[in-house]
Amino acid sequence: MAFKTILLDLDGTLVDAFTTIHRSYCHTLPQFGRPAPTMEQVRRAVGGGLRNAMRHFLPEELIDSAIAVHQAYTDQILLEDVRAFPGSLELLQALHARGLTLAVFTNKHAGSSRSICAHLGFTPLLNAIYGAGDTPWIKPQPELAAHVLGELKADPATTLLIGDSPFDVQAAHNGGFQCWCVTTGTHNTEQLTAAKADRVFGGLPELQATLLAEV
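Residues numbered from 1 in each chain as written. Predicted model: local features only at pLDDT ≥ 70, side-chain atom pairs only at ≥ 80, totals over all residues. Heavy atoms only, no water.

Draft legend 1. Main features of the overall build of the chain. Summing up its helical and strand segments, the chain has 10 helices and 8 strands in all. For 215 residues, the compact-globule estimate of 2.2 N^0.38 gives 17 Å, and the chain sits close to it at 17 Å. The buried share of the chain, taken over its 215 residues, is 50%. Put simply, 65% of the contacts in the chain that link residues at least 6 apart link residues at least 24 apart. Accessible area of the chain: about 9200 Å², with a carbon and sulfur share of 52%. Charge centroids of the chain, computed over 15 positive and 21 negative side chains, lie 1 Å from each other. (Helix = DSSP H or I, 4+ residues; strand = E, 2+ residues; numbered from the N terminus. Rg over C-alpha atoms; globule rule 2.2 N^0.38 Å. Buried < 20%, exposed > 50% of the residue type's maximum accessible area, 1.4 Å probe, protein only. Contact = heavy atoms within 4.5 Å. Areas by Shrake-Rupley, 256 points an atom, 1.4 Å probe, with all protein chains shown as cover. Lys, Arg positive; Asp, Glu negative; His and termini not counted. Charge placed at Lys NZ, Arg CZ, Asp CG, Glu CD.)

Following this line, the structure appears as structure tokens:
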């Protein structure tokens, strides 16, 4: 069956926000007695939500305080460095023109996600934006996928998630739908293939060419 609903991860998939994320960790961790991390350390940590990522750097008793500092600083610098990946806007425009249901499906803070989508011109092309804090769940919990598909009145058999990490693959498969991945984020082809991504692409333009042939 042709895809009718496309869910899209944000960081690492549609947008490059790694500079912003790295700056926020460099601002936060020294305040809790930890050295500023390298970009590579941050890239390895992210994907499963901010709380899970913080656990790579801090003990549990410091995480709530660190998240508050991190989020406050992120809010200040949110739009300074974020960039759309090549092909992001074009993909959304092409899929929107074909009448598909499109939604951002991310573990990034919901308010930050909406601000970024508005800033980059994505919002008018989207039916919804689902981020951390909108529900009690995050990817890859199956309850989140069920909630989102219910709100969008989507059938798992005609739903596709486009992402960049094993968290996306697991989230999609927990929800009963496919996941196509790009290697512009946190994981390479071998890692995404090992995570059982249904397809892996070097970037969104390549993915778009394949996807438009199937919708």
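Picking up where we left off.
Draft legend 2. Structural detail: the packing of aromatic side chains. Taken as a whole and assessed by the stated rule, the structure comprises 3 aromatic pairs. Considering the side-chain rings of Tyr-25 and Phe-57, the 5.3 Å spacing of their centres and the 50° angle between planes classify their relative orientation as tilted. Highlighted residues: Tyr-25 in helix H1 (residues 18-28) and Phe-57 in the loop between helix H3 (50-54) and helix H4 (60-77), separated in sequence by 32 residues. Take Tyr-25: its relative accessible area is 1%, and that puts it in the buried class. Given the relative accessible area of 17%, Phe-57 is considered buried. Aromatic side chains Trp-180 and Phe-201 sit 5.5 Å apart centroid to centroid with 40° between the ring planes, which places their arrangement in the tilted category. (Phe/Tyr/Trp six-rings, centres within 6.5 Å; stacked < 30°, edge-to-face > 60°.)

Draft legend 3. Representation of the packing of helix H5 (residues 88-97) against helix H10 (residues 204-212) within the structure. Orientation of H5 relative to H10, taken along the N-to-C sense of each, is 15°, at an axis distance of 9 Å. In this view, H5 runs roughly parallel relative to H10, as classed from their interaxial angle. The interaxial crossing formed by H5 with H10 has left-handed handedness. Only Leu-204, Leu-207, Gln-208, Leu-211 and Leu-212 of H10 make contact with H5, whose side of the interface consists of Ser-88, Glu-90, Leu-91, Ala-94 and Leu-95. When grouped by side-chain class, the residues that make up the contact of H5 with H10 number 7 nonpolar, 2 polar and 1 charged. (Axes fitted to C-alpha atoms, helices over the stretch in contact; angles between N-to-C directions. Parallel < 35°, antiparallel > 145°, perpendicular 65-115°, else oblique. Left-handed = near helix turned anticlockwise from the far one by under 90°. Nonpolar A, V, L, I, M, F, W, Y, C, P; charged D, E, K, R; others polar.)

Draft legend 4. Layout of the sheet that holds strand S4 (residues 101-109). Taken together, 6 strands build an open sheet; the order of strands is S5-S4-S1-S6-S7-S8 and the sheet is parallel. Each edge of the sheet is formed by a strand with only one pairing partner; in this case those strands are strand S5 (128-132) and strand S8 (199-201). When the angles between neighbouring strand axes are averaged without regard to direction, this sheet yields 20°. Strand direction decides the pairing type here: strand S6 (residues 159-163) and strand S7 (residues 178-182), joined by 4 bridges, are parallel. Bridging from a neighbouring strand, Gly-163 pairs with Cys-181 of S7. Packing of helix H6 (residues 110-119) onto the sheet brings it into contact with S4 and S5, and relative to S4 it is tilted by some 130°. Contacting strand S1 (5-8), S6, S7 and S8, H10 crosses the sheet at an angle of about 145° to S7. (Pairing = 2+ DSSP bridges.)

Draft legend 5. Broad picture of the side chain of Thr-28. Note that Thr-28 resides in helix H1. Among the polar contacts listed, one links the side chain of Thr-28 to the backbone oxygen of Ser-24, at a separation of 2.8 Å. Aside from chain neighbours lying at most four places away, what touches Thr-28 is Met-54, Ala-66, Val-69 and His-70. (Polar contact = N/O pair within 3.5 Å; in protein donor to acceptor, adjacent residues only side chain to side chain.)

Draft legend 6. Representation of the side chain of Asp-9 in the model. Take Asp-9: it is sitting in the loop between S1 and strand S2 (15-16). In terms of polar contacts, Asp-9 uses its side chain to reach the side chain of Lys-139, at 2.9 Å. Excluding anything up to four places from it in sequence, Asp-9 contacts Leu-14, Phe-105, Thr-106, Lys-139, Leu-161, Ile-162, Gly-163, Asp-164 and Asp-168.

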